[in-house]
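Residues per chain, in single letters:
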Amino acid sequence: MTFYRFALNLLRPILWLLWRPQAEGIENVPENGGVLVCNHLRALDPLLLAICLPNRTLHFLAKEELFRIPVLGFLIRKLNAIPVRRKQVDVAAVRKCMRVVKDGGILLIFPEGTRSRTGELLPFEEGASFIASRCGTVVYPAHIQVGRTRKGRRRVTFAPPLDLTAIAPQADKETRLKAMTAAIREKILELARKDEE
């Protein structure tokens, strides 16, 4: 048993009682492969998504500074976190992400690049589109509800896969990346609007 699986089995009952997540559309996320893209509200969002997808093994990005903190750095690395230097193109992190996807792993990316303090969806960075398109894989949009449901549960919704190959196929690379990123953001906005209904 991997450390990821051991830790998840240990923490899941506790976090389930704490968050009481209501996961919808789990069947849309495969057991292996793909890029999972989600809005970002709290530091523990990767754990929330992990317990909602108990049969999947997620890999996710975390800011490099966290890995310098004793114990925490060790733990998040064991939980499949990939260090990334923010506000610059981190080639090493991109290569590690592409390796995860090409090896059949599920890569979790928060394209806002940071947590939203208000719950409003921030502008998206283009990393998820770049990695998915370079690896020839689909994107799985997800949305974490800003508040809780009327029953005090935290809703997480997983949408059907988004195929990026049909988006602006004749455009230049820069234009196509922007179009793909806009399509991903629109899909997550669509999930957000449904949560508000």
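Data block above holds the structure.
Residues numbered from 1 in each chain as written. Predicted model: local features only at pLDDT ≥ 70, side-chain atom pairs only at ≥ 80, totals over all residues. Heavy atoms only, no water.

## A word on the pattern of salt bridges
The test is simple: Definition used for salt bridges: Asp or Glu carboxyl oxygen within 4 Å of a side-chain nitrogen of Lys or Arg. Comment: elements are numbered from the N terminus, with helices defined as DSSP H or I runs of at least four residues and strands as E runs of at least two. When a residue's accessible area, from a 1.4 Å probe over protein chains only, is under 20% of the maximum for its type it is buried; when over 50% it is exposed; and in between it is partly exposed.
Enumeration over the complete set of coordinates arrives at nine salt bridges. Between Lys-178 and Glu-126 there is a salt bridge, and its shortest N-O distance comes to 3.5 Å. Within this pair, whereas Lys-178 is found in helix α6 (residues 173-196), its partner Glu-126 is found in the loop between β5 (106-109) and α5 (127-135), the two being separated by 52 residues in sequence. For Glu-126, a relative accessible area of 28% puts it in the partly exposed group. By sharing partners, the salt bridges in this structure join Glu-24, Arg-155 and Asp-195 into a single network.

## Description of the environment of Pro-30
We count it as follows: Any pair of residues with heavy atoms lying within 4.5 Å of one another is described as a contacting pair.
With respect to the secondary-structure elements, Pro-30 resides in the loop between β1 (21-24) and β2 (35-38). Judged by its relative accessible area of 22%, Pro-30 is partly exposed. Expressed as a C-alpha distance, the spacing of Pro-30 and Lys-187, which sit 157 residues apart in the sequence, is 18 Å. Aside from chain neighbours lying at most four places away, what touches Pro-30 is Arg-56, Ile-106 and Tyr-140.

## Remarks on the layout of surface pockets
Basically, it comes down to this: Space inside and on the surface of the protein is sampled on a 1 Å grid over the protein atoms alone, with a cavity defined as a set of points where a 1.4 Å probe fits but cannot get out and a pocket as an open set with protein on both sides within 12 Å along at least 5 of 7 lines; lining residues have an atom within 4 Å of a point. Grid points are joined across faces, edges and corners, and a volume is the space filled by probe spheres set on the points.
As a volume, the largest pocket reaches approximately 1,500 Å³. What lines the largest pocket is a set of 50 residues, among which Leu-61, Ala-62, Lys-63, Val-84 and Gly-113 lie closest to the centre. Elements with a minimum of two residues in the lining of the largest pocket: α1 (3-19), α2 (45-52), β3 (58-63), α3 (72-78), α4 (91-102), β5 and α5. Looking at the lining of the largest pocket element by element, the count peaks at six residues for α4. Roughly 250 Å³ of internal volume is contained in the second largest pocket. At five residues, the largest contribution of residues to the lining of the second largest pocket is made by α6.

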